[in-house]
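Structural characterization, general
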Amino acid sequence: MTGAMADKKMALLWLKIAVVYLLVGVIYGIVMAASHQYVFRSVHAHINLLGWASLALAGLMYHLYPAAARSRLGRLHFYLHNGGLPVLLVCLHFYAGGMRQLEPVVALASVIVGLGILAFTVNVMMNMKVALSTGNVDSA
């Protein structure tokens, strides 16, 4: 597989994962509303924001900046975000449901996702600068 093909596959992987979070978020929202369990609204918001919206935007950014997709920071972002987010969401669900002893796990998973987003931010800024200096987004 060529480098360009691998870059596109990585961007598409982010988008596929994002769409799964969209589906999960919609189903979770429907179940939450049908059961009138609005105590879980923070979980619903995190699924949609950190799952669907953030991952979809990351996929689009990695499509626009393929060098960012193949960078070490891009891989770090992928593993931190996609490793920490499911743990965060599951533990946040149970925490909101009353299992307060999960607060440290929720906090740690939040930090892991936050570090992934920090890696993404630095990565995109670095690669945007390269793209602007070369005048070619595709070569960035």
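Please refer to the structure higher up on the page.
Figured I'd write up the structure that's included with this text.

Basis of the calculations
- Residues numbered from 1 in each chain as written.
- Predicted model: local features only at pLDDT ≥ 70, side-chain atom pairs only at ≥ 80, totals over all residues.
- Heavy atoms only, no water.
- Helix = DSSP H or I, 4+ residues; strand = E, 2+ residues; numbered from the N terminus.
- Contact = heavy atoms within 4.5 Å.
- Phe/Tyr/Trp six-rings, centres within 6.5 Å; stacked < 30°, edge-to-face > 60°.
- Buried < 20%, exposed > 50% of the residue type's maximum accessible area, 1.4 Å probe, protein only.
- Lys NZ or Arg CZ within 6 Å of the ring centre and 35° of its normal.

Following the sequence through the fold, Ser54 ends up in helix H2 (residues 41–64). Spatially, the C-alpha atoms of Ser54 and Ile117 are 9.1 Å apart, while their sequence positions differ by 63 residues. Setting aside residues up to four positions removed in sequence, Ser54 forms contacts with Leu49 and His81.

Turning our attention to the packing of aromatic side chains. All chains considered together, the criterion is met by 4 aromatic pairs. Plain terms: the ring middles of Trp14 and Tyr62 are 5.5 Å apart, the flat faces sit at 45° to each other, and that makes the pair tilted. In this pair, Trp14 is assigned in helix H1 (residues 3–35) and Tyr62 in helix H2, connecting sequence segments 48 residues apart. Residue Trp14 shares its accessibility class with Tyr62, and that shared class is buried. Between the aromatic rings of Tyr62 and Phe120, the centroid separation amounts to 5.5 Å while the plane-to-plane angle is 75°, which identifies the pairing as edge-to-face. In this pair, Tyr62 sits in helix H2 while Phe120 sits in helix H5 (residues 103–134), placing the two residues 58 residues apart along the sequence. Summarising the burial analysis for this pair, Tyr62 and Phe120 share the class buried. An aromatic cluster is built from Trp14, Tyr62, Phe78, Tyr79 and Phe120, whose rings are joined through pairwise contacts. Sitting above the plane of the Tyr95 ring, Arg100 keeps its charged end 4.4 Å from the centroid.

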